[in-house]
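# Structural overview
These are the residues of each chain, in order.
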Amino acid sequence: MTFIIEIDDSLETPLYAQIKLSVISGIKTGKLKPGDVLLSSRELAKALGINYHTVNKAYDLLVQEGFLIRDKKKRTFVNEWASGEDSRFLKRWEDLEKNLIEEAKARGITNLRILNIVREALGSS
Amino acid sequence: MIQYLIRVADSSIIILLLAYINFIMPSLTPRSVQFGVRIPPDRIVDPSLISIRKRFRIYVTATSGAMLASNLMVSIVSGSTGFSALFILLEIIAMWAVYLDARKHLRHVKITERWTHGYTQKIPAVINPERPAAVRMLLYFVMPLAVIIATAALAVREYPYLHQFLPVKFSGSDPVEFAHKTVQLVLTPVYSQLIFLGIYAVLVFVLCRVKVVPEYPDLDRSLTVQRHYRFSVIFALSVLLTMVELDFMLSGMAQWEIIPGIFTEFSVIPSVVGLVLVVAIVSRMRYSIAIPLNTESAGAKRIMNRDDDAFWKAGMIYYNRDDPSLIVPKRFGIGYTVNYGNPFIKIAIFIIMASTTLFAIRLMAW
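Residues numbered from 1 in each chain as written. Chains lettered and ligands numbered in written order. Predicted model: local features only at pLDDT ≥ 70, side-chain atom pairs only at ≥ 80, totals over all residues. Heavy atoms only, no water.

In space, the three strands of this open sheet follow the order E1(A)-E3(B)-E6(B), with mixed pairing throughout. Whereas interior strands pair on both sides, the edge strands pair on one side only; in this sheet they are strand E1 (4-7) of chain A together with strand E6 (303-305) of chain B. On average, adjacent strands in this sheet sit at an angle of 45° to one another, irrespective of strand direction. The pairing of strand E3 (residues 120-126) of chain B with E6 of chain B spans three bridges and is classified as parallel. Following the sheet pairing, threonine 120 of chain B is matched in E6 of chain B by isoleucine 303 of chain B. With respect to the sheet, helix H2 (residues 41-48) of chain A is in contact with E1 of chain A together with E3 of chain B, its orientation differing from that of E3 of chain B by roughly 140°. Strands E1 of chain A together with E3 of chain B of the sheet are contacted by helix H8 (residues 219-255) of chain B, whose axis makes an angle of about 115° with E1 of chain A. (Pairing = 2+ DSSP bridges. Helix = DSSP H or I, 4+ residues; strand = E, 2+ residues; numbered from the N terminus. Axes fitted to C-alpha atoms, helices over the stretch in contact; angles between N-to-C directions. Contact = heavy atoms within 4.5 Å.)

Shown next as structure tokens:
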């Protein structure tokens with residue numbers, strides 16, 4: 001099954017972040033399966049008509065976060081553990097979440113508001 | 001006389017083919033790109049677009065009719081086909097002019113009526129494309145390879161019985177130039193066939209790697225259509241190559257005196273037949289692309305492909321510095337073009353221009 005990613009260059013979200021989110025969404029919905037070979041950074045940049053470095057940045061982040069892996073031939077795959085629970089990922093995600101909550105509290109956002117935002121996000125995904 | 005009639009027929013067929021290709025071109029190009037202008041899904045059956053398309057077809061028919069009549073008239077009056085190339089060139093230029101006129105009108109309507117207003121513009125791309133199976137790709141080489149093997153087998157079988165001097169040039173059925181028999185000379189048609197096979201292999205390789213652009217509103221269906229279109233082009237080129245290989249086989253058979261020399265005059269017929277077949281095969285695709293679209297549902301999501309008109313200078317030249325692609329599908333027309341914004345293409349153009357200039361200067365110095 002082929003998976004189509006969609007990016008919008010008029011949005012404030014950087015293109016690399018949109019690519020990253022699209023790949024994660026593909027893994028979440030099962031359209032990208034563990035072991036699936038993805039286009040190389042250069043090929044995907046060609047397909048989207050955007051700069052190679054933008055795609056490379058997204059791929060690097062996805063590799064760092066364990067969603068993708070690169071082999072010696074520089075091929076990029078969906079990681080076998082991409083859709084499963086990963087303790088490293090969980091730790092990083094908890095840290096990130098704590099930072100975000102601290103930031104929100106510093107700006108005066110109440111616990112209830114934060115909870116509602118999280119509930120909304122969980123409900124929409 | 002036969003020679004003259006064949007040449008008149010050949011040039012007339014080429015003029016008619018050009019006219020036919022241009023006539024059906026609006027149906028061959030993607031629905032979301034009409035006359036090189038990106039349009040939203042709900043405007044595909046817009047009355048302004050239909051009227052521009054109709055006018056384009058009237059102009060194409062009128063221009064081609066004029067060129068065909070002029071070609072026939074000048075050929076009959078002068079008794080020569082020397083002007084045919086000029087009429088073919090004039091037709092190509094006229095077709096460009098007609099296309100640019102249609103593009104100008106469509107762009108004007110698109111901007112003044114704010115067609116893209118309220119649309120979210122996105123760039124879609126397949127991240128895990130299916131690669132074509134190697135066995136399937138090899139099948140496209142079977143026909144031309146069979147002709148090459150047959151030609152080589154004939155050359156090997158005939159070699160011991162050939163005269164010491166072989167005809168290399170004919171005038172009608174009479175040989176006018178001879179050369180000493182060598183293995184290299186006898187195998188010349190086979191070498192030529194192999195060169196064309198090599199060119200075809202490179203083309204197939206490039207075609208399999210050219211980017212595919214999914215189109216809104218139905219991304220998956222647009223991919224299927226483009227995949228079929230690509231394989232149709234590869235198959236059509238395989239048919240054309242087979243015909244060109246047959247040309248070489250006929251020329252070889254005339255040289256080896258298996259058939260009379262007069263057949264060299266007819267040796268271009270397979271290529272012309274191949275060209276007609278290519279147009280027939282590729283134009284079949286228009287039916288799948290031209291399936292009526294429910295414009296209400298097409299426009300309901302208010303999503304369209306990014307408006308990339310600005311990257312197409314004069315609707316023909318693709319210039320996008322950010323796009324690393326070297327080759328991209330043509331905006332209007334069958335085939336592919338290059339990205340002039342890519343540094344490699346700039347260097348390649350510079351090298352070609354510099355070497356052509358140097359060659360011209362060298363020629364003038366002689």
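Let us look at the domain arrangement of chain A. By domain assignment, chain A separates into domain 1 (15-78) and domain 2 (87-124). Between the C-alpha centres of domain 1 of chain A and domain 2 of chain A there is a distance of 26 Å. (Domains from an automatic or database assignment.)

All names here are of chain A. Read across the sheet, three strands follow the order E2-E4-E3 without closing on themselves; strand pairing throughout is antiparallel. Across the chains shown, the open sheet's two edge strands, defined by having one partner strand only, are strand E2 (37-38) and strand E3 (68-70). Note that E3 and strand E4 (residues 76-78) share three bridges and pair antiparallel. Residue pairing across strands places isoleucine 69 opposite phenylalanine 77, the latter belonging to E4. Each of E2, E3 and E4 touches helix H3 (residues 52-64); the most contacted strand, E3, lies at about 105° to it.

Residues and elements named next belong to chain B. Where nonpolar side chains cluster on the molecular surface, the patch consists of Leu89, Ile92, Ile93, Trp96, Leu100, Met316, Ile317, Tyr340, Ile349 and Met353 and spans about 860 Å² of accessible area. Examined against the element boundaries, isoleucine 93 turns out to sit in helix H3 (residues 84-112). According to the relative accessible area criterion, isoleucine 93 is partly exposed, its value standing at 45%. (Patch = residues over 30% accessible without salt bridge, like charges linked within 9 Å, V, L, I, M, F, W, Y side chains within 5 Å. Areas by Shrake-Rupley, 256 points an atom, 1.4 Å probe, with all protein chains shown as cover. Salt bridge = Lys/Arg side-chain N within 4 Å of Asp/Glu carboxyl O. Buried < 20%, exposed > 50% of the residue type's maximum accessible area, 1.4 Å probe, protein only.)

Between chain B and chain A, the contact holds 24 residues from the first and 27 residues from the second. Between chain B and chain A, the buried area comes to about 2200 Å², and carbon and sulfur atoms account for 55% of it. On the chain B side of the interface with chain A, the three residues burying the most area are Ile123, Ile127 and Asn128 of chain B, jointly 34% of the side's total. Linking chain B with chain A are one salt bridge, by the criterion used here. In this structure, arginine 306 of chain B engages aspartate 9 of chain A in a salt bridge whose closest nitrogen and oxygen atoms are separated by 2.9 Å. Along the contact surface separating chain B from chain A lie nine residue pairs in polar contact (both at pLDDT 80 or more). Listing elements by their share of the side of chain B that touches chain A, those giving two or more residues are E3 and H8 of chain B. Among the elements that line the side of chain B that touches chain A, the one with the most residues is E3 of chain B, at seven residues. Of the residues belonging to the side of chain B that touches chain A, the class tally is 11 nonpolar, five polar and eight charged. Bridge analysis of E1 of chain A against E3 of chain B gives four bridges, and the strand direction is antiparallel. (Buried area = accessible area lost by both parts, 1.4 Å probe. Polar contact = N/O pair within 3.5 Å; in protein donor to acceptor, adjacent residues only side chain to side chain. Nonpolar A, V, L, I, M, F, W, Y, C, P; charged D, E, K, R; others polar.)

Below, the discussion takes up helix H1 (residues 15-29) of chain A. Residues and elements named next belong to chain A. The end-to-end C-alpha separation of H1 is 21 Å, in line with the 21 Å expected for 15 residues at 1.5 Å each. Burial in H1 covers these residues: Ala17, Gln18, Ile19, Lys20, Ser22, Val23, Gly26 and Ile27. The inward-facing, buried residues of H1 contact E1, H2, H3, E3 and E4. Immediately downstream of H1, the backbone of glycine 30 shows phi near 85°, a positive value. (Expected span 1.5 Å × (residues − 1).)

This part is about the environment of isoleucine 269 of chain B. All names here are of chain B. Tracing the backbone through its elements, the reader meets isoleucine 269 in helix H9 (residues 269-289). Here isoleucine 269 falls in the partly exposed class, since its relative accessible area comes to 36%. Between the C-alpha atoms of isoleucine 269 and proline 167, which are 102 residues apart in sequence, the distance is 21 Å.

Here we take up the environment of methionine 25 of chain B. Residues and elements named next belong to chain B. Along the chain, methionine 25 falls in helix H1 (residues 2-28). Relative accessible area serves as the criterion here: at 5%, methionine 25 is assigned to the buried category. Between the C-alpha atom of methionine 25 and that of phenylalanine 332, which follows or precedes it by 307 residues, the distance is 7.5 Å. In this view, methionine 25 contacts Phe332, Gly333 and Ile334; residues no more than four positions away in its chain are not counted.

Attention now goes to the packing of H1 of chain A against H3 of chain A. Residue and element names in this part refer to chain A. With their axes 8 Å apart at the nearest point, H1 and H3 run at an angle of 45° to one another. If you check the angle between H1 and H3, you find them oblique. Here H1 and H3 pass one another in a crossing that is right-handed. Within the contact between the two elements, H1 uses Leu15, Tyr16, Ile19, Lys20, Val23 and Ile24 and H3 uses Thr54, Val55, Lys57, Ala58, Leu61 and Leu62. When the residues that make up the contact of H1 with H3 are grouped by side-chain class, the tally is nine nonpolar, one polar and two charged. (Parallel < 35°, antiparallel > 145°, perpendicular 65-115°, else oblique. Left-handed = near helix turned anticlockwise from the far one by under 90°.)

Below, the discussion takes up empty space enclosed by the protein. The final tally for this structure, using the stated rule, is one cavity of 30 Å³ or more. Counted as a void, the largest cavity has a volume near 920 Å³. In this structure, the largest cavity is lined by 49 residues; those nearest its centre are Pro30, Val213, Glu215, Gln226 and Pro329 of chain B. Of all the secondary structure elements, the ones that give two or more residues to the lining of the largest cavity are H2 of chain A together with H1, E3, H8, H9 and strand E9 (327-329) of chain B. No other element matches H8 of chain B, which puts seven residues into the lining of the largest cavity. The residue inventory of the lining of the largest cavity, partitioned by class, reads 26 nonpolar, 10 polar and 13 charged. (1 Å grid on protein atoms, 1.4 Å probe; cavity = no way out; pocket = protein on both sides within 12 Å on 5 of 7 lines; lining within 4 Å. Points joined across faces, edges and corners; volume = space filled by probe spheres on them.)

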